[in-house]
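Fold and contact review
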Amino acid sequence: MQHYLALTASELLAQTPPNRDAICVEDRDVSPDSTWEETTEDARDDAALESLHLAREEQSSPTRLVVGGALPSRDARFSSWQQVDEIYADDTRGREVCAQLFLAQTQEEADLLIGQLFEEALMWYDISERTDLGDALVRAKPVDEVGED
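These numbers come from a predicted model, not from an experiment.

Rules and cut-offs
Residues numbered from 1 in each chain as written. Predicted model: local features only at pLDDT ≥ 70, side-chain atom pairs only at ≥ 80, totals over all residues. Heavy atoms only, no water. Phe/Tyr/Trp six-rings, centres within 6.5 Å; stacked < 30°, edge-to-face > 60°. Lys NZ or Arg CZ within 6 Å of the ring centre and 35° of its normal. Buried < 20%, exposed > 50% of the residue type's maximum accessible area, 1.4 Å probe, protein only. Helix = DSSP H or I, 4+ residues; strand = E, 2+ residues; numbered from the N terminus. Pairing = 2+ DSSP bridges.

A few words on the packing of aromatic side chains. The geometry of an aromatic ring pair is captured by two quantities: the separation of the ring centres and the angle between the planes. All chains considered together, the criterion is met by zero aromatic pairs. Lying over the aromatic face of Tyr-88, Arg-44 brings its terminal NZ or CZ to 4.4 Å of the ring centre.

Buried residues dominate strand S3 (residues 65-70), accounting for five of its six residues. Where strand S1 (residues 2-6) and S3 come together, five bridges link them in antiparallel fashion. Bridge assignment links Ala-6 to a residue of S3, and that residue is Val-66. Looking at chain direction, S3 and strand S4 (residues 86-89) are connected through four bridges and run antiparallel. The partner of Gly-68 across the bridge, within S4, is Glu-86.

So this is what it looks like as structure tokens:
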């Protein structure tokens, strides 16, 4: 079962992932007119939107941020970073749209910006890049080159 957990930038730097429910996808969740990839992408997008709510509540860096990994059951939670296989985060352009979203004055403006966000693909990061990515997000530095030597 694949799990996707919404995070804030500061949570990415914590000793362990936050102890909260993740969005879970298993084979039975894939509808006949969909694929595993489409279903997991939808779950990841849902977690990404949740991460924006978390970031706004905590006045954290405006970015979509999700970690993913396989856990043994639907109600399992991430208890260590070793359980996480991948990280998804906005690139610099996506973060700019997120920042604009946080400043939106009307629902119409927010809806337009959400639409723009869905046109921006989340970047994939290996779990080994967790602290570098977290540091870049917390310090509002460009993330496009995290992990490049």
